[in-house]
Amino acid sequence: MNKSNQRLAPDRRLATPLFFLILALYIVTYVGTFISNDERALFSGTDSLVKRGEFTVNQIYWDYTNVGMLTSEGNMVPNYEPAQMIMATPFYLWGRSLNAAVQGAMFFSPVVMAGAAALIYLCLLELRYRRRTALLAALVFAFATLAWPYSRTFFREPLTVFAYMGAVYALLRYRYDSTRRMIWPVIAGGMLGLAIITKQISIALIPSWLLLAFAAERNRTDGTWKNRLTAVVAAAAPLAACLLVNYWYTQTTLVGVELFARDIVDYTTNPQISQSVPWRMMRGLVGLSISPYKGLFWYAPVLLLGLVGAWSFTKRFPWEGLAFLGLVAAHFLGYSRYNYWSGGVAWGSRYMLPVIPFLVMLAAPIWAWLLKDQPRGGAKWRETAAPAQTTSGWATLLRVAVWALILFSMALQVLGISLDVRTWEVDWLLKQAAIYGGIGEAIDALYFSPAHSPVLGNLKLLLSGTQPLDFAWVQLQPEGKWAFRPAGLLVSLGLAALALVLFVIQWRAGKELAFSVPGQAGKTAASDRTRLSNGVLALATLVASTALLLIYRQGDARFDPYGVDRYLRPMTERLEADGCAAAGWGGAVCNDAFLMPDPALTDYFLNHLGGRVLWYGLEAKPVDEALAGRLFERTGRVWLGRDRDAASDDAEGRREWERYLTANAYKLGEERYDDWARLLLFSAPGPVGEDAASGATLGEFTLERATLGLERKDAPAEPTDDGRIQAQTGDTLQIGLHWRAEGKPAANYTAFVQLLDANSQVVAQMDRWPGDGLYPTAALEAGGAFTDNLALPLDLPPGAYRLITGFYRSDAEGLPRLTGPGGDFITVAEIDVR
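S.K.: Honestly, the overall build of the protein chain in this entry has me stumped. Any pointers?
M.R.: The secondary structure content of the protein chain amounts to 31 helices and 18 strands. Considered along the principal axes of its C-alpha atoms, the protein chain spans approximately 115 × 60 × 55 Å. Taking all 834 residues of the protein chain together, the buried fraction comes to 58%. For the protein chain, the share of sequence-separated contacts (at least 6 apart) that also reach a separation of at least 24 residues comes to 76%. For the protein chain, the accessible area works out to roughly 32,700 Å², and carbon and sulfur atoms hold 61% of it. Averaging the positions of the 75 positive and the 74 negative side-chain charges in the protein chain gives two centres separated by 19 Å.

Shown next as structure tokens:
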């Protein structure tokens, strides 16, 4: 290692405690919930990948924002690249083990954003800025820009930023490292590949990446063709591996999507929503940069210093300066072509997040001047690396102004993290859409009006005191109430305090490492203390974060808006206990489907449902009959979850899915939780094996015909009419009884079906009102018809059984049965169980 790198080594070690310090502060402001369907789609992809080995977003089948795409097989798949869904898996598994999968996965962005801040620190060290300057830049990025609000989300942009910075740091390290270690080209290529398979528009990084790679090789004195070819191969191998992952994902997940193609040039997966009309591009560029509605410099004015410092930075580092400025320009110009440049409801434009670290690094001469740092290097460095140091009154005023700008930008981020960003903006968009005829039209009309900026909107809400703070330690309660969770805040603050103390200790120990002689006992002892300190930080972060998940995982209306956890928890346990419990790629795929027709409960089940059951979040109405048909073909059983009783569902008109399944599938049973929430189980219709006309009569009813089949079992090409069904032990018998009322029934009769053995003993039975209450017989008129579908599990020893049916009065003494010419029951069929 040369002398320059030897001097940098102690400062580089500070990147680790800096990472943990920033992460600890992010954890204090962690919220752990989604604000967008983009996040839900990414999480759903991870969820289905872990449980079923596939990328699907059926969990948000109700989605109205087009974050998912339908395949020819009827699955909804994510309209995204795969990297984040894969890389978030460890966080998902950690959270799932604590029954808080979403809340665990939401730690992913704080980690990668803190990592990006640490990489900014390292990049500026490689550019020979001193550690104070590098530290200030990292902290400005972490807390005075949009990095802070977006550390609380599950969008792809934080991972994109991390990948960008990883690629740039690896190239800088390779350029300035005297030894030709191939690890840096490997990391540079891998990080470029990671960026592309996180967001494919990251191809905008390629020109800057190539420019930095060229500068790195040009800077080296040992550049032979053999060495350069080795470096190219080292970078290309991980890049190719990432692209192969993306190819595999496309072929296994997106191949079934009709007319799917990513339009890279148009910075979007939807070419029809991008265009190169100059006036629209100018509007988008203004909107992305300085508009009060979404302008980057409006939400983080400190980034203007990047434009101010770019000249000095580029004079000293022409290759890096051109690469950074080119990347910033590519993103602004590319997204200005996007008709929906505003990027939805979020704090500022999240599309611009990847340019923020480069603007921060371009401002490095300003940070060095602000701290009166003496950069490493000779006179040429001092002439170009920072503005001239002076003690004039104007310089003092300028420094005060720059510090004020930093603090003002921090205050804007505090405003962005303090309240749910949807609260003001969603209400504003809906109101303006009613006036201007649409959301896009409203944005077109008002995006440059300061009075309509979400910044001012959130400030007004915050000052009004009507909204709860948007942190996990301020839990929402049903009906808009909130509860303070002091344990969560204390654990978070304790971790932050520990991280700060250990960072300061390591900062002070840096000089001891820098000026000690290699191999000296003092240097070895200091290195050991550094490793011990970092180990303590890592362990403390894991323990504290786990404790926070245990504190936050229940009681929050962000996940349980109706306050029905006590009903839904046993429902999820029931689903997991029924053969769909094992998570992971091993074992048989669960062949059940679970339907929850209430979008408001999607986040609850995403967080708490750990079984492998294929589940769909749906709108309560109308019934998607095409989806139901595909589910009947694909699955054996269909579960339907309801968080309220039947009477409440009827009163609110939310029983359509239950009625459809009752009429078209075969009900196996229903479980109730505290006489309120219900979990219904249906056998998906299989082929009919027996279709027999009957004509038998019981009291006021005539059994016109009976259809019989077996769940997911092959049947004869044509149903038979011989009164017999061949089955096996463990099959599910599907029974369809088609009744007609000969006169107006005198009461609400209970229907029964029974299986009798050779000794006429009942071995299986089901009793209920027809349709499990959906077809009360007293409501029928003469000639009224209904079909009662039900299912019986044949958990019986081999033998011959007789299937009978009938009616009785459950409200009369002695439970009297209806009778007919053949007695008080009708024989439906003979069941031969083998």
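S.K.: Looking at this structure, I do not really get the pattern of salt bridges. What am I missing?
M.R.: It is possible for side chains of opposite charge to pair when their charged atoms get near one another. Across all of its chains, the model carries 48 salt bridges by this definition. Between Arg740 and Glu742 there is a salt bridge, with its nearest N and O atoms 2.4 Å apart. Arg740 gets classed as partly exposed once you look at its relative accessible area, which sits at 25%. Here Asp788 ties to Arg768 by a salt bridge, and the two come within 2.6 Å at their closest N and O atoms. Of the two residues, Asp788 sits in strand S16 (residues 785-793) while Arg768 sits in strand S15 (residues 762-768), which places them 20 residues apart along the sequence. For the pair formed by Asp788 and Arg768, the shared burial category is buried.

S.K.: Would you mind showing me how to read the sheet that holds strand S18 (residues 826-833) here?
M.R.: Pairing is mixed in the open sheet, where five strands are placed in the order S12-S18-S17-S14-S15. Where the open sheet ends on each side, the last strands, each with one partner, are strand S12 (724-727) and S15. Within the sheet, the average angular offset between the axes of one strand and its neighbour, ignoring direction, is 20 degrees. The pairing of strand S17 (residues 799-808) with S18 spans seven bridges and is antiparallel. Paired with Ala800 across the strands is Asp832, a residue of S18.

S.K.: Teacher, can you tell me more about the environment of Asp643 here?
M.R.: Along the chain, Asp643 falls in the loop between strand S7 (637-642) and helix H30 (646-651). For Asp643, a relative accessible area of 3% gives the class buried. With 590 residues separating them in the primary sequence, Asp643 and Gly53 have C-alpha atoms 29 Å apart. When residues no more than four places from it in sequence are discounted, the contact partners of Asp643 are Tyr562, Val564, Leu568, Asp598, Leu601, Trp676 and Ala677. Of the polar contacts made by the side chain of Asp643, one reaches the side chain of Arg644; its length is 3.1 Å.

S.K.: Would you mind showing me how to read unusual backbone geometry here?
M.R.: In terms of backbone geometry, most residues other than glycine have negative phi values and most peptide bonds are trans. Cis geometry marks the peptide bond from Lys621 to Pro622; its omega dihedral reads -5 degrees. With respect to the helices and strands, the residue Pro622 is situated in the loop between strand S6 (614-617) and helix H29 (625-634). Even without a glycine there, the phi angle at Lys372 is positive, about 55 degrees. Relative to the elements of secondary structure, Lys372 occurs in the loop between helix H19 (364-371) and helix H20 (379-384).

S.K.: It is not clear to me how the pairing of S7 should be interpreted in this structure. Could you clarify?
M.R.: On a regular strand, one side chain projects to one face of the sheet and the next to the other, so that they alternate. For S7, the tally of buried residues reaches six of six residues, placing the bulk of the element in the interior. Covered by surrounding structure in S7 are Arg637, Trp639 and Gly641 together with Val638, Leu640 and Arg642, the residues of both alternating faces. Bridge count for strand S5 (residues 592-596) against S7 is four bridges, and the pairing is parallel. Paired with Ala593 across the two strands is Val638, which belongs to S7. Sheet topology note: the S7/strand S9 (residues 677-683) ladder contains six bridges and is antiparallel. Along S9, the bridge assignment pairs Trp639 with Leu681.

S.K.: I'm lost on helix H17 (residues 318-336) in this one. Help?
M.R.: Residues that lie three or four places apart on an α-helix share one face, since the helix turns once every 3.6 residues. With 19 residues, H17 extends 27 Å between its outermost C-alpha atoms, agreeing within 8% with the 27 Å of an ideal straight helix rising 1.5 Å per residue. Turning to H17, its buried residues are Glu320, Gly321, Ala323, Phe324, Leu327, Val328, His331, Phe332, Gly334, Tyr335 and Ser336. Looking at the buried side of H17, the elements it contacts are helix H10 (157-176), helix H12 (205-219), helix H14 (278-289), helix H15 (296-299), helix H16 (304-316) and helix H18 (356-362).

S.K.: In this structure, what is going on with the packing of aromatic side chains? I would like to understand it.
M.R.: Each pair of aromatic rings is reported with the distance of its centres and the angle of its planes. A complete count under the given rule lists 44 aromatic pairs for this structure. Look at Tyr30 and Phe107: their rings are 4.3 Å apart centre to centre, the planes differ by 25 degrees, and that puts the pair in the stacked class. Of the two residues, Tyr30 sits in the loop between helix H2 (15-28) and helix H3 (37-52) while Phe107 sits in the loop between helix H6 (101-105) and helix H7 (108-126), which places them 77 residues apart along the sequence. Exposure class is identical for Tyr30 and Phe107. Each is buried. Ring geometry for Phe471 versus Trp473: centroids 4.9 Å apart, planes at 15 degrees, classification stacked. This pair shows no difference in class: Phe471 is buried, exactly as Trp473 is. Of the aromatic side chains, those joined through ring pairs into one cluster are Tyr129, Tyr164, Phe313, Phe317, Phe324 and Phe358. Here Arg228 stacks its cationic end above the ring of Trp225, 5.8 Å away from the centre of that ring. Its guanidinium or amino end placed over the ring of Tyr447, Arg283 lies 5.1 Å from that ring's centre, counting from NZ or CZ.

S.K.: Sorry, what's going on with H16 here?
M.R.: A bend of about 45 degrees at Ala310 is the largest found in H16. Taken together, the buried positions of H16 are occupied by Leu305, Gly306, Gly309, Ala310, Ser312, Phe313 and Thr314.

S.K.: Can you walk me through the packing of H7 against helix H8 (residues 131-143) in this structure?
M.R.: To characterise two packed helices, one gives the angle between the axes of the helices and the distance between these axes. Relative orientation of the contacting elements H7 and H8 amounts to 150 degrees, with a least axis distance of 8 Å. Relative to H8, the element H7 lies roughly antiparallel. For the pair H7 and H8, the crossing hand works out as right-handed. Contacts between H7 and H8 involve Met113, Ala116, Ala117, Ile120, Tyr121, Leu124 and Leu125 on the former and, on the latter, Arg131, Thr133, Ala134, Leu135, Ala137, Ala138, Phe141 and Ala142. Residues belonging to the contact of H7 with H8 are distributed by class as follows: 13 nonpolar, one polar and one charged.

About the cut-offs
Residues numbered from 1 in each chain as written. Predicted model: local features only at pLDDT ≥ 70, side-chain atom pairs only at ≥ 80, totals over all residues. Heavy atoms only, no water. Helix = DSSP H or I, 4+ residues; strand = E, 2+ residues; numbered from the N terminus. Buried < 20%, exposed > 50% of the residue type's maximum accessible area, 1.4 Å probe, protein only. Contact = heavy atoms within 4.5 Å. Areas by Shrake-Rupley, 256 points an atom, 1.4 Å probe, with all protein chains shown as cover. Lys, Arg positive; Asp, Glu negative; His and termini not counted. Charge placed at Lys NZ, Arg CZ, Asp CG, Glu CD. Salt bridge = Lys/Arg side-chain N within 4 Å of Asp/Glu carboxyl O. Pairing = 2+ DSSP bridges. Axes fitted to C-alpha atoms, helices over the stretch in contact; angles between N-to-C directions. Polar contact = N/O pair within 3.5 Å; in protein donor to acceptor, adjacent residues only side chain to side chain. Expected span 1.5 Å × (residues − 1). Phe/Tyr/Trp six-rings, centres within 6.5 Å; stacked < 30°, edge-to-face > 60°. Lys NZ or Arg CZ within 6 Å of the ring centre and 35° of its normal. Bend = angle between axes of the 7 residues up to and from the residue. Parallel < 35°, antiparallel > 145°, perpendicular 65-115°, else oblique. Left-handed = near helix turned anticlockwise from the far one by under 90°. Nonpolar A, V, L, I, M, F, W, Y, C, P; charged D, E, K, R; others polar.

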